[in-house]
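Structural overview
So you can see what is in the structure, the chains are spelled out below.
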Amino acid sequence: MATTETMTLNMGPQHPSTHGVLRLVLELDGEVIVKVTPHIGFLHRGVEKLSEHRTYHQILPLTDRLDYLAPMSNNLGYILAVEKLMAVEVPERAETIRIIMAELTRLESHLVWIACHALDIGAMTVFIYAFRERETVMEIYELISGARMTSNFFRVGGLSQDVPDEFVKKVSDFIDVMPGYLDQYEGLLTTNPIWLKRTVGNGVISAEDAIDIGLTGPALRGSGVDWDLRRDVTYAGYDKYQFKVPVGEKCDTFDRYKVRLVEMREACKIVRQGLDRLKPGPVLADSPQVCYPPKESVYNSIEGLIHHFKIASEGFPAPEGEVYQGIEAPKGELGYYIVSEGGNKPERLRIRPPSFVNLQAISQMSVGSMIADLVAVIGTLDIVLGEIDR
Amino acid sequence: MAENNRAVRKLKEKFAASILDVAEFRGEVTVTVAKGSILEILSFLKQSLQYNQLTDLTAVDYLGKKAERFMVVYQLLSIPNKDRLRIKTAVSESVCSIPTATQVWATANWLEREVFDLFGITFDGHPDLRRILMTDDWVGHPLRKDYPLQGPDREPYKGRLS
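What you see is a predicted model, and the numbers here were worked out from it, not measured in a lab.

Along its length, chain A carries 17 helices and eight strands. Computed over its C-alpha atoms, the radius of gyration of chain A comes to 22 Å, within 12% of the 21 Å expected for a compact globule of 390 residues. Principal-axis analysis of the C-alpha atoms places the extent of chain A at approximately 85 × 45 × 35 Å. Here chain A holds 390 residues, and the buried ones make up 52% of them. When contacts within chain A are restricted to residue pairs at least 6 apart in sequence, long-range pairs at least 24 apart make up 70% of them.

As structure tokens, this is what we get:
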């Protein structure tokens, strides 16, 4: 009787559909996957180690570079953790702008997801369309922070500066047209027979397995678990906003696609509510021990300059204790765990990246399917190697 | 206060001897337990108290600050009860190992590999304990406090003006 042997095939780390430097070692029986072994760490920059040697304010620019497709979400999680540690209250205007930017970031991250996911499966038009819309979000980033990706805009206690006057109109115009664009993507994909063939029934993971393996965010909701940190363990003032949490049924790639599309529509609604709530006021908390002074005071008074210099060079002493802050980042639960032993630097800063934990499910979701389906699974997990490797 | 937390009460009833400390800071409850009964406590929390997701597993190095050098930290989440709990257990440098939690939550697999890689703590019974972020032939454990920031065999950075 003839026997067959499995074949080992290397995929990545330089491979267009692995979304960065991800290397997968596949064991194949013909074209059917028997085993997937991910190899990660190619982008390891030691962010957690570096953070132990920096003051709390100095760590913030490192966090942009984790999930570089959603920099403001990373900033938000980190500053919320520090604010919890220092018990700082944030002014209402800063809180509202943070939520507007966090939701625009969700849109931006999901736009890159739909673009790359569709491109991987062969729908190039969606890629071009989605990157066109992402450009507008990048322009809003540039308008308020001066940078398109590494924004470093939020500060402990508020924002680095107030937003310019054009901000409201620019954001408002964008979320007016965005639902129409989402209709365009749906028109290209939702009933497209090729798209359905590639996504329906692909990468199925049951709700129990999804919770057990630690999936969070849209990947968890796609498996039918009604769980959203913004609603269930609310933070940053999300309890004042109304939004729906979409949930999938069939636990497959197509349901996760539907969940993310509804999330984008809901993000537009949250941004609209935020714009309606936006009132003039201060954007930095009045707690001089912790926060930077406002820029006008730094430029126009010697006391302000000294204050700025002191915070920038020495930071602030934190109380002893440990806090964990998890936020609903576009890709799942992004957590920051700070251990403080007193002093101006954390004893330990642990970043709980959603992509790292979600990527672990790749083997469970793809064993028994074809290599081409694995590409769809990588796309649907929506990973970013910057935060996996840190 | 922390003592009134449902999970803490149940834990104290069942594992009185193993609960070393209960602390609350900024509304977050942390329970420090003895290493010997960590697996029973984690299984009990999952089976009986519905902490069905292991959000995070990490370690902290208290070199020179505490008698037992490492602290392994489990962040638990209960989706049905919308509740978080942090469990900690000390691991000494001389017996640098702890039972694996992979049987309780599948998530623990990679998280424990990361702690093994960066702190050098061994997880007994782990199905696949290899380095995950550093290369297989790497020497040392970068997140240990005695591992130099600039890396091995390099002069420490003394600042731009020195």
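The next thing to look at is the nonpolar core. Soluble globular proteins tend to pack their nonpolar side chains together in the buried interior. Judged by nonpolar contacts, the single largest core of 151 residues is most densely connected at Val82(A), Ile338(A) and Ile121(B). Take this core: its biggest share by element is 16 residues, from helix H4 (residues 92-121) of chain A.

Residue and element names in this part refer to chain A. Closest axis-to-axis distance for the helix H3 (residues 71-86)/H4 pair is 8 Å, and the angle between their directions is 135°. Between H3 and H4, the angle falls in the class oblique. Of the two possible hands of crossing, H3 and H4 adopt the one that is left-handed. In this structure, H3 contributes Met72, Ser73 and Leu76 to the contact, and H4 contributes Arg98, Met101, Ala102 and Thr105. Its residues assigned to classes, the contact of H3 with H4 shows four nonpolar, two polar and one charged.

Here we come to the environment of Ile87(B). All names here are of chain B. Looking at the secondary structure, you find Ile87 in strand S5 (residues 83-91). Judged by the 24 C-beta atoms lying within 10 Å of it, Ile87 is buried. Between the C-alpha atom of Ile87 and that of Ser97, which follows or precedes it by 10 residues, the distance is 17 Å.

Residue-level contacts link 34 residues of chain A with 27 residues of chain B. For the side of chain A that touches chain B, the elements supplying multiple residues, two or more each, are helix H1 (47-51), helix H8 (207-213), strand S6 (320-329), strand S7 (332-341), strand S8 (348-352) and helix H14 (354-359) of chain A.

Our next topic: the confidence of the model for chain B. The pLDDT averaged across chain B works out to 87; a share of 96% of its residues lies at or above 70. Interface confidence in the predicted complex, given as ipTM, is 0.89; pTM for the same model is 0.89.

With that out of the way, let us pick up the sheet that holds strand S3 (residues 32-39) of chain A. Residues and elements named next belong to chain A. What the three strands build is an open sheet, ordered S1-S2-S3; its pairing is antiparallel. Looking at which strands have only one partner, the edges of the open sheet turn out to be strand S1 (7-11) and S3. The average angle at which neighbouring strand axes cross in this sheet is 20°, direction not considered. One ladder, built from seven bridges, connects strand S2 (residues 23-29) with S3; its direction is antiparallel. Within the sheet, the bridge partner assigned to Asp29 lies in S3 and is Val32.

Now for the packing of helix H5 (residues 124-145) of chain A against helix H6 (residues 166-189) of chain A. Residue and element names in this part refer to chain A. Where H5 meets H6, the closest approach of the two axes is 11 Å, and the angle between their N-to-C directions is 165°. With respect to each other, H5 and H6 are oriented roughly antiparallel. The way H5 lies across H6 gives a crossing that is left-handed. Contact residues: H5 offers Thr125, Val126, Tyr129, Ala130, Glu133, Thr136, Ile140, Leu143 and Ile144, while H6 offers Glu166, Phe167, Lys170, Val171, Phe174, Met178, Tyr181, Gln184, Tyr185, Leu188 and Leu189. Of the residues belonging to the contact of H5 with H6, the class tally is 14 nonpolar, three polar and three charged.

The rules we used
- Residues numbered from 1 in each chain as written.
- Chains lettered and ligands numbered in written order.
- Predicted model: local features only at pLDDT ≥ 70, side-chain atom pairs only at ≥ 80, totals over all residues.
- Helix = DSSP H or I, 4+ residues; strand = E, 2+ residues; numbered from the N terminus.
- Rg over C-alpha atoms; globule rule 2.2 N^0.38 Å.
- Buried ≥ 20, exposed ≤ 12 C-beta atoms within 10 Å, placed from the backbone.
- Contact = placed C-beta atoms within 7 Å.
- Core = buried A, V, L, I, M, F, W, Y, C linked by C-beta atoms within 7 Å.
- Axes fitted to C-alpha atoms, helices over the stretch in contact; angles between N-to-C directions.
- Parallel < 35°, antiparallel > 145°, perpendicular 65-115°, else oblique.
- Left-handed = near helix turned anticlockwise from the far one by under 90°.
- Nonpolar A, V, L, I, M, F, W, Y, C, P; charged D, E, K, R; others polar.
- pLDDT = per-residue confidence, 0-100.
- Pairing = 2+ DSSP bridges.

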